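Now for the letters of each chain:
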Amino acid sequence: MNQIETAPELKEIVETGGHATGAQWLSRYSSSLLGVFGTPQRVLVRGAGCLVWDADGKEYLDLLGGIAVNALGHAHPFVTSVISSQLATLGHVSNFFTSPTQIALAEKLLDISKAPAGSKVFFANSGTEAVEAAFKLARRNSGVSHDSEAQPRTKIIALEGAFHGRTMGALALTAKEAYRAPFAPLPAGVVHIPFGDVDALRAAVDETTAAVFLEPIQGEAGVRPLPAGYLKAAREATSAAGALLILDEVQTGIGRTGKWLASGDAGIVPDAVTLAKGLGGGFPIGALITFGPETSSLLSAGQHGTTFGGNPVATAAALATLHVLENQQVLTHVREVGEHLRSGLAAIDGVTEVRGEGLLIGFDLDADIAPAVVTAGLDAGFIVNSPGPHTIRLAPPLILSTAQADRFLAALPALLQTAKDAQ
Ligand SMILES: *Cc1c(COP(=O)(O)O)cnc(C)c1O
């Protein structure tokens, strides 16, 4: 007998969502969950591929994928099977020990990121933790050990509009004042410079700079790609000053843009890359890749750690996700369906600009109706996100079909009209 059969109440919650309505669940939510997320939009109970269902039985086409996380959609049979096998074999060991899946995943990430010899991987459990590890790496690039006459490198540079996470180090790198101000003082030394401005970057990077943090495409800021040539200029400026170039690919990495890394065709080798969101195909995992032996030796034994990081189940989930992405030509599909979506969006009345690469897409509207479009979308069975008042973001599962993309494109004009009528 399947063990869950012995606990009917638990079985019901897990397998069907139980008998409560969405409204009943939300009332229990507000009495039991900390209010940091506001009221959730829906109570979701089940998913399959690019579809999810809520507690009231309504179906949605998921064009957000848990914010660029569900790379292979929901309940992918292969990922589910690999996770289950690993959990039934060995679930957790702590970092006093290691396990084959952890080592195999590290090797795989070094391979797909084209990391040079001597590069290494640190596993975390989320994006913000991968960034925290990178922040500590940057602090270790103090300059002091290289030349005792040198000024210590205390400056860390990030961009206006940057989002790097919500824990204190990552928050210091995140630009948005509303996220930062309530938690002052944040770790010192971070300066934010204008987005995409090469001259501002060259002027800011100097001998006191420990690191520059960049997102190749700013996701939370509304899917804003760095201008062509910026990464190359950043590489030159950081190399000349002895500062680290750290790319935050938590949102853009692992096939999201139709490449393993969004920075993959920029013609540069960074000093570190952070990954998370799509890496585990829905299972929580983050990673920091340090490029080359010198950067990889900045953090030594005892200087960083995590209990869960790199655990067998999380690393097996990531190996399973990478296996499917690689063996089913998903990256090619991402480029094609992404292009199809973007050209379809650009042709819609009321859409003023379309940005992004692969299946990370942002588009602007001719009025501040984005939150109302999200609501109209939910009512019509589509999950999308509004990172700004006139911007919609799409980050669907990478297996979104052309037919599903077309369903959204066909529905969008009516959603825009509904949103305008609601103003
Ligand atoms: C989402 C995100 C993070 C934070 O990841 P969490 O898993 O939410 O902590 C960091 N950087 C970027 C670029 C992100 O998109």
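Our focus in this paragraph is the overall build of the chain. Counting its regular elements, the chain contains 15 helices and 17 strands. Scaling as 2.2 N^0.38, a compact globule of 423 residues should have a C-alpha radius of gyration of about 22 Å, and the chain matches this with 22 Å. Taking all 423 residues of the chain together, the buried fraction comes to 52%. Expressed as a percentage of contacts within the chain between residues at least 6 apart in sequence, the contacts between residues at least 24 apart total 69%.

Here Thr306 is to be found in the loop between helix H11 (292-296) and helix H12 (312-327). Accessibility expressed as a relative area gives 19% for Thr306, which makes it buried. A polar atom in the side chain of Thr306 sits 3.4 Å from the backbone nitrogen of Phe308. Thr306 has contacts with Asn95, Phe122, Phe123, Asn125 and Glu129, leaving out every residue within four places of it along the chain.

Moving on: the domain arrangement of the chain. Interfaces are frequently sized by the accessible area removed from exposure as the parts join. When its domains are assigned, the chain resolves into domain 1 (34-63 + 329-422) and domain 2 (81-327). Each partner contributes residues to the interface: domain 1 has 19 residues there, and domain 2 has 20 residues. Approximately 1,600 Å² of surface area, both sides summed, lies buried where domain 1 meets domain 2, with 56% of it carried by carbon and sulfur atoms. Lys259 serves as the salt-bridge partner of Glu357, at 2.7 Å between the closest nitrogen and oxygen.

Sizing a probe to match a water molecule and rolling it over the atoms shows the empty space that remains. Tallying each qualifying case throughout the model produces 1 cavity of 30 Å³ or more. Estimates place the volume of the largest cavity at around 40 Å³. Forming the walls of the largest cavity are Ala68, Ala71, Gln251, Gly253, Ile254, Arg256, Gly278 and Leu398. Here the lining of the largest cavity is composed, by residue class, of 4 nonpolar, 3 polar and 1 charged.

Taken together, the 7 strands give an open sheet; going across it, the order is S4-S12-S11-S10-S7-S5-S6, and neighbouring strands pair in mixed fashion. Among the strands making up the open sheet, the edge pair consists of strand S4 (120-124) and strand S6 (190-193). The average angle at which neighbouring strand axes cross in this sheet is 20°, direction not considered. Examined bridge by bridge, strand S5 (residues 155-159) and strand S7 (residues 209-214) share 3 bridges and lie parallel to one another. Bridge assignment links Lys155 to a residue of S7, and that residue is Thr209. Helix H5 (residues 100-112) contacts S4, strand S11 (272-275) and strand S12 (286-290) of the sheet and is inclined by roughly 120° relative to S4.

Right, let's talk about the site of the ligand for a bit. Around the ligand lies a shell formed by Ser126, Gly127, Thr128, Phe163, His164, Gly165, Glu215, Asp248, Val250, Gln251 and Lys277. Residue Gly127 places a main-chain N or O atom 2.8 Å away from an oxygen atom belonging to the ligand. At a separation of 2.7 Å, an oxygen atom of the ligand approaches a polar side-chain atom of Gln251. Out of a free accessible area of 380 Å², the ligand has 82% covered by protein chains. Classifying every residue of the shell around the ligand gives 2 nonpolar, 6 polar and 3 charged.

By the secondary structure assignment, Glu249 is in the loop between strand S10 (244-248) and S11. Here Glu249 sits buried without a salt bridge, and the closest side chain of opposite charge, Lys259, lies 7.8 Å off (N-O distance). In this structure the side chain of Glu249 is engaged in a polar contact, spanning 2.7 Å, whose partner is the backbone nitrogen of Ala262. Setting aside its immediate chain neighbours within four residues, Glu249 contacts Pro216, Leu261, Ala262, Ser263, Val273, Thr274 and Leu275.

The end-to-end C-alpha distance of H5 is 18 Å, a good match for the 18 Å that 13 residues give at a rise of 1.5 Å each. Contacts from the buried residues of H5 go to helix H4 (77-89), S4, S11, S12 and H12. Taken from the residues just after H5, Lys114 is the one with a positive phi, measuring 50°.

We now examine a nonpolar patch on the surface. Judged by side-chain polarity, Leu10, Ile13 and Val14 come together as a nonpolar surface patch covering roughly 270 Å² of accessible area. As for its position among the elements, Val14 is in helix H1 (residues 8-15).

Moving on to the pattern of salt bridges. What the rule picks out here adds up to 16 salt bridges. Glu326 is paired through a salt bridge with Lys108; the nearest N and O atoms lie 2.8 Å apart. Taken together, the positions of Glu326 in helix H12 and Lys108 in helix H5 put the pair 218 residues apart, joining distant regions of the chain. Classification of Glu326 by relative accessible area gives partly exposed; the value is 34%. Asp265 is the salt-bridge partner of Lys259, the closest N and O atoms lying 3.1 Å from each other.

A few words now on the pairing of strand S13 (residues 351-357). On a regular strand, each side chain points to the face opposite its neighbour's, so the side chains alternate between the two faces of the sheet. The pairing of S13 with strand S14 (residues 360-365) spans 6 bridges and is classified as antiparallel. Within S14, the residue paired with Gly356 across the bridge is Ile361.

Strands sit in the order S13-S14-S17-S16 across an open sheet of 4 strands; the sheet is antiparallel. At either margin of the open sheet sits one strand with a lone partner, and together these are S13 and strand S16 (385-388). In this sheet, neighbouring strand axes are inclined to one another by 30° on average, regardless of whether the strands run parallel or antiparallel. Pairing between S14 and strand S17 (residues 391-394): 4 bridges, direction antiparallel. Across the sheet, residue Phe363 finds its bridge partner in S17, namely Ile392. Packed on one face of the sheet, helix H13 (residues 330-346) meets S13, S14 and S17 and runs near 170° to S13. In the packing of helix H14 (residues 370-380) onto the sheet, the strands contacted are S14, S16 and S17, and the crossing angle to S16 comes to about 175°.

What counts and what doesn't
- Residues numbered from 1 in each chain as written.
- Predicted model: local features only at pLDDT ≥ 70, side-chain atom pairs only at ≥ 80, totals over all residues.
- Heavy atoms only, no water.
- Helix = DSSP H or I, 4+ residues; strand = E, 2+ residues; numbered from the N terminus.
- Rg over C-alpha atoms; globule rule 2.2 N^0.38 Å.
- Buried < 20%, exposed > 50% of the residue type's maximum accessible area, 1.4 Å probe, protein only.
- Contact = heavy atoms within 4.5 Å.
- Polar contact = N/O pair within 3.5 Å; in protein donor to acceptor, adjacent residues only side chain to side chain.
- Domains from an automatic or database assignment.
- Buried area = accessible area lost by both parts, 1.4 Å probe.
- Salt bridge = Lys/Arg side-chain N within 4 Å of Asp/Glu carboxyl O.
- 1 Å grid on protein atoms, 1.4 Å probe; cavity = no way out; pocket = protein on both sides within 12 Å on 5 of 7 lines; lining within 4 Å.
- Points joined across faces, edges and corners; volume = space filled by probe spheres on them.
- Nonpolar A, V, L, I, M, F, W, Y, C, P; charged D, E, K, R; others polar.
- Pairing = 2+ DSSP bridges.
- Axes fitted to C-alpha atoms, helices over the stretch in contact; angles between N-to-C directions.
- Near = heavy atom within 4 Å.
- Areas by Shrake-Rupley, 256 points an atom, 1.4 Å probe, with all protein chains shown as cover.
- Lys, Arg positive; Asp, Glu negative; His and termini not counted.
- Expected span 1.5 Å × (residues − 1).
- Patch = residues over 30% accessible without salt bridge, like charges linked within 9 Å, V, L, I, M, F, W, Y side chains within 5 Å.

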